[in-house]
2 protein chains.
Amino acid sequence: MKELEERIRKDGRVLGKDVLKVDSFLNHQVDPMLMERMGEEFYNHFKDAGINKILTVESSGIAPAVMTGLKFQVPVVFARKHKSVTLTDDLYTSEVYSFTKKTSNHISIDKRFLSKDDTVLIIDDFLANGQAVNGLDTIIEDAGATLAGIGIVIEKSFQKGRQLIDKSGTPIYSLARIKAFENGQVVFQDEEE
Amino acid sequence: MKELEERIRKDGRVLGKDVLKVDSFLNHQVDPMLMERMGEEFYNHFKDAGINKILTVESSGIAPAVMTGLKFQVPVVFARKHKSVTLTDDLYTSEVYSFTKKTSNHISIDKRFLSKDDTVLIIDDFLANGQAVNGLDTIIEDAGATLAGIGIVIEKSFQKGRQLIDKSGTPIYSLARIKAFENGQVVFQDEEE
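Residues numbered from 1 in each chain as written. Chains lettered and ligands numbered in written order. Predicted model: local features only at pLDDT ≥ 70, side-chain atom pairs only at ≥ 80, totals over all residues. Heavy atoms only, no water.

1. What about the packing of aromatic side chains?
Residue and element names in this part refer to chain A.
Reasoning step 1: Per the counting criterion, the structure on display carries eight aromatic pairs over all chains.
Reasoning step 2: Seen in terms of ring centroids, Phe42 and Tyr173 are 6.3 Å apart; in terms of plane orientation they differ by 90°. Their pairing is edge-to-face. A residue pair is termed long-range when its members are at least 10 positions apart, and Phe42 in helix α2 (residues 32-46) and Tyr173 in strand β10 (residues 172-182) qualify at 131 residues.
Reasoning step 3: Exposure remark for Phe42: the relative accessible area of 0% places this residue in the buried category.
Reasoning step 4: Pairing Tyr43 with Phe72 gives two aromatic rings, centres 4.9 Å apart and planes at 80°, and the pair type is edge-to-face. Taken together, the positions of Tyr43 in helix α2 and Phe72 in helix α3 (residues 62-72) put the pair 29 residues apart, joining distant regions of the chain.
Reasoning step 5: On the basis of relative accessibility, which here comes to 11%, the residue Phe72 falls in the buried class. (Phe/Tyr/Trp six-rings, centres within 6.5 Å; stacked < 30°, edge-to-face > 60°. Helix = DSSP H or I, 4+ residues; strand = E, 2+ residues; numbered from the N terminus. Buried < 20%, exposed > 50% of the residue type's maximum accessible area, 1.4 Å probe, protein only.)

In structure tokens, the structure reads:
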């Protein structure tokens with residue numbers, strides 16, 4: 001998505017070797033008009049996949065997921081993060097390791113909001129090592145639901161998440177794909193690749 | 001907002017004396033179409049207040065806030081919650097006590113995203129004792145910004161938050177005002193009151 005790449009070039013800040021901060025338009029301050037156009041982009045890509053539910057993880061996934069849900073006219077469920085979780089019969093849970101923060105979180109979804117009748121699109125702000133997507137996928141399997149696709153706002157293609165998803169065969173669409181950071185600058189994958 | 005009141009009657013669950021769960025359409029599963037109509041409602045009410053920024057708190061405030069930002073065509077900033085916060089020069093912070101969870105959280109906003117040039121509308125999912133609004137108000141004052149109004153999805157009018165805001169003189173608009181819970185049922189304020 002050209003507009004998003006330009007916005008990342010203009011407002012993103014590269015920190016160290018593999019961190020990109022986009023807190024001025026995506027995950028602290030949010031640009032709702034950009035979110036709406038992103039939702040449209042995800043809708044156009046996945047509109048024939050039979051999706052009836054959007055899944056994401058709090059907090060940064062919520063804005064793009066809700067705009068995507070609006071375009072699909074379907075409900076959005078955001079998984080809750082917990083430091084620890086008391087296992088109950090009411091929740092689907094899984095563990096998500098954060099390489100950035102070097103800590104584990106549990107994520108959970110109330111069983112009332114996911115079932116075998118659901119065909120799900122996962123939306124998330126970042127794809128790096130694929131931990132969050134993997135955690136949601138575990139929950140989707142536990143619920144007997146169907147994972148129809150994964151929509152990512154910003155993919156760091158040089159980390160292993162993309163490769164893992166490609167191997168799994170799940171359709172994935174990332175609005176911006178970053179090949180590398182070079183001298184503090186973002187290098188995007190060529191669109192032909 | 002009639003549609004919201006009907007939705008609360010249909011899908012809300014009253015727990016004990018003062019808890020209303022609306023996790024099927026507002027704060028776990030989200031109905032994006034309802035969020036959009038709520039954003040429109042807030043826009044119609046506050047459209048002449050000169051608002052150039054929406055403020056909320058993660059996570060449940062994000063969906064209604066982003067839809068409101070879309071209608072106003074202005075950025076949304078969501079305050080981050082922390083168990084503890086290392087004070088730095090980069091952040092505005094304040095403390096928020098949760099009566100439900102009986103714990104204190106800190107909330108913070110990066111100084112780059114709030115300044116004396118901002119005229120702010122606070123959007124939040126619930127108003128009970130007014131702690132979250134109060135925390136955001138402290139941050140707005142620290143930044144030298146102007147608080148132009150407060151938009152609340154569900155107000156529990158029998159708790160003290162509404163009274164405190166009325167005393168402060170800040171314009172407030174709540175889409176649903178709950179007078180009491182009686183026998184597990186929600187009683188709304190009459191619209192004439």
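2. A few points about the environment of Ile8 of chain A
Residues and elements named next belong to chain A.
Reasoning step 1: Following the sequence through the fold, Ile8 ends up in helix α1 (residues 2-11).
Reasoning step 2: Take Ile8: its relative accessible area is 1%, and that puts it in the buried class.
Reasoning step 3: Residues Ile8 and Glu40, spaced 32 residues apart in sequence, show a C-alpha to C-alpha distance of 19 Å.
Reasoning step 4: Apart from the residues within four sequence positions on either side, Ile8 is in contact with Leu20, Phe25, Ile154, Ala176, Val186 and Phe188. (Contact = heavy atoms within 4.5 Å.)

3. Observations concerning the nonpolar core
Reasoning step 1: With 79 residues, the main nonpolar core has Leu4 of chain A together with Leu4 and Leu20 of chain B as its most contacted residues.
Reasoning step 2: With residues near it in sequence (within four places) discarded, Leu20 of chain B still touches Ile8, Gly12, Arg13, Val14, Phe126, Ile154, Ile178, Phe181 and Val186 of chain B. (Core = buried A, V, L, I, M, F, W, Y, C linked by side-chain atoms within 4.5 Å.)

4. Things to note about the UniProt feature "domain: Phosphoribosyltransferase" (unreviewed entry) in chain A
Reasoning step 1: UniProt records the feature "domain: Phosphoribosyltransferase" (unreviewed entry) for residues 43-160 of chain A in the present numbering.
Reasoning step 2: Here residues 43-160 of chain A runs as 23% helix and 41% strand, with 26 Å between its end C-alpha atoms. (UniProt positions renumbered as here; feature names shortened; annotations may be inferred.)

5. So, the packing of helix α2 (residues 32-46) of chain B against helix α3 (residues 62-72) of chain B
Residue and element names in this part refer to chain B.
Reasoning step 1: The interhelical angle for the contact between α2 and α3, taken along N-to-C directions, is 55°, at an axis separation of 8 Å. Viewed along their axes, α2 and α3 adopt a mutual orientation that is oblique. Of the two elements, α2 crosses α3, and the hand of that crossing is right-handed. In this structure, α2 uses Pro32, Met35, Glu36, Met38, Gly39, Glu40, Phe42, Tyr43 and Phe46 to contact α3, whose residues at the interface are Ala63, Pro64, Met67, Thr68, Lys71 and Phe72.
Reasoning step 2: A class-by-class count of the residues in the contact of α2 with α3 yields ten nonpolar, two polar and three charged. (Axes fitted to C-alpha atoms, helices over the stretch in contact; angles between N-to-C directions. Parallel < 35°, antiparallel > 145°, perpendicular 65-115°, else oblique. Left-handed = near helix turned anticlockwise from the far one by under 90°. Nonpolar A, V, L, I, M, F, W, Y, C, P; charged D, E, K, R; others polar.)

6. Describing the relation of the copies chain A and chain B
Reasoning step 1: Of the transformation superimposing chain A on chain B, the axial component is 0.0 Å and the angular component is 180°, with the fit at an RMSD of 0.0 Å. With respect to symmetry, the two chain copies, as superposed, fit the operation of a two-fold axis. Ranked by how close their C-alpha atoms come to the rotation axis, the residues of chain A are headed by Ser59 of chain A, at 2.7 Å.
Reasoning step 2: When the interface residues of chain A are mapped onto chain B, 100% of them again fall at the interface, so both copies present the same face. (Least-squares fit on C-alpha atoms with pLDDT ≥ 70 in both.)

7. A word on the packing of α3 of chain A against α3 of chain B
Reasoning step 1: Where α3 of chain A meets α3 of chain B, the axes come as close as 9 Å, and the angle between the chain directions of the two elements is 65°. For the element pair α3 of chain A / α3 of chain B, the angle class is roughly perpendicular. Viewed along their axes, α3 of chain A and α3 of chain B form a crossing whose handedness is right-handed. Between α3 of chain A, through Ile62, Ala63, Val66, Met67 and Leu70 of chain A, and α3 of chain B, the contact on the second element is made entirely by Ile62, Ala63, Val66, Met67 and Leu70 of chain B.
Reasoning step 2: Of the residues contributing to the contact of α3 of chain A with α3 of chain B, the split by class is ten nonpolar, no polar and no charged.

8. Thoughts on the UniProt feature "binding site: xanthine" (unreviewed entry) in chain A
Reasoning step 1: Summarizing the sequence annotation, UniProt attributes the feature "binding site: xanthine" (unreviewed entry) to Leu20, Asn27 and Lys156 of chain A in the numbering used throughout.
Reasoning step 2: Position of Asn27 of chain A among the secondary structure elements: in the loop between β2 (19-21) and β3 (29-30).
Reasoning step 3: Here Asn27 of chain A is in contact with Val22, Ser60, Asp125 and Phe126 of chain A together with Phe78 and Arg80 of chain B, once residues within four sequence places are set aside.

9. Observations concerning the pairing of strand β8 (residues 119-127) of chain A
Within a regular strand, side chains alternate between the sheet's two faces.
Residue and element names in this part refer to chain A.
Reasoning step 1: Extensive coverage of β8 is indicated by the burial of eight of its nine residues.
Reasoning step 2: One ladder, built from three bridges, connects strand β4 (residues 53-57) with β8; its direction is parallel. Across the sheet, Ile54 pairs through a bridge with Leu121, a residue of β8.
Reasoning step 3: Sheet topology note: the β8/strand β9 (residues 146-156) ladder contains eight bridges and is parallel. (Pairing = 2+ DSSP bridges.)

10. Examining the pairing of strand β11 (residues 185-188) of chain A
Residues and elements named next belong to chain A.
Reasoning step 1: Only one face of β11 is buried, namely the one carrying Val186 and Phe188, since none of Gln185 and Val187 on the opposite face is buried.
Reasoning step 2: As paired elements, β10 and β11 share four bridges and run antiparallel to each other. Of the residues in β11, the one forming a bridge with Glu182 is Gln185.
Reasoning step 3: Linking β10 back to β11 in an antiparallel pair, the connection comprises two residues, with Asn183 at a positive phi of about 50°.

11. Regarding the pattern of salt bridges
Residues and elements named next belong to chain A.
Reasoning step 1: Taken as a whole and assessed by the stated rule, the structure comprises 32 salt bridges over all chains.
Reasoning step 2: For Asp110, the salt bridge is made with Arg112, and the minimal N-O distance between the two is 3.2 Å.
Reasoning step 3: Since its relative accessible area comes to 13%, Asp110 is described here as buried.
Reasoning step 4: A single salt-bridge network, built from bridges that share partners, covers Arg7, Lys10, Asp11 and Asp31. (Salt bridge = Lys/Arg side-chain N within 4 Å of Asp/Glu carboxyl O.)

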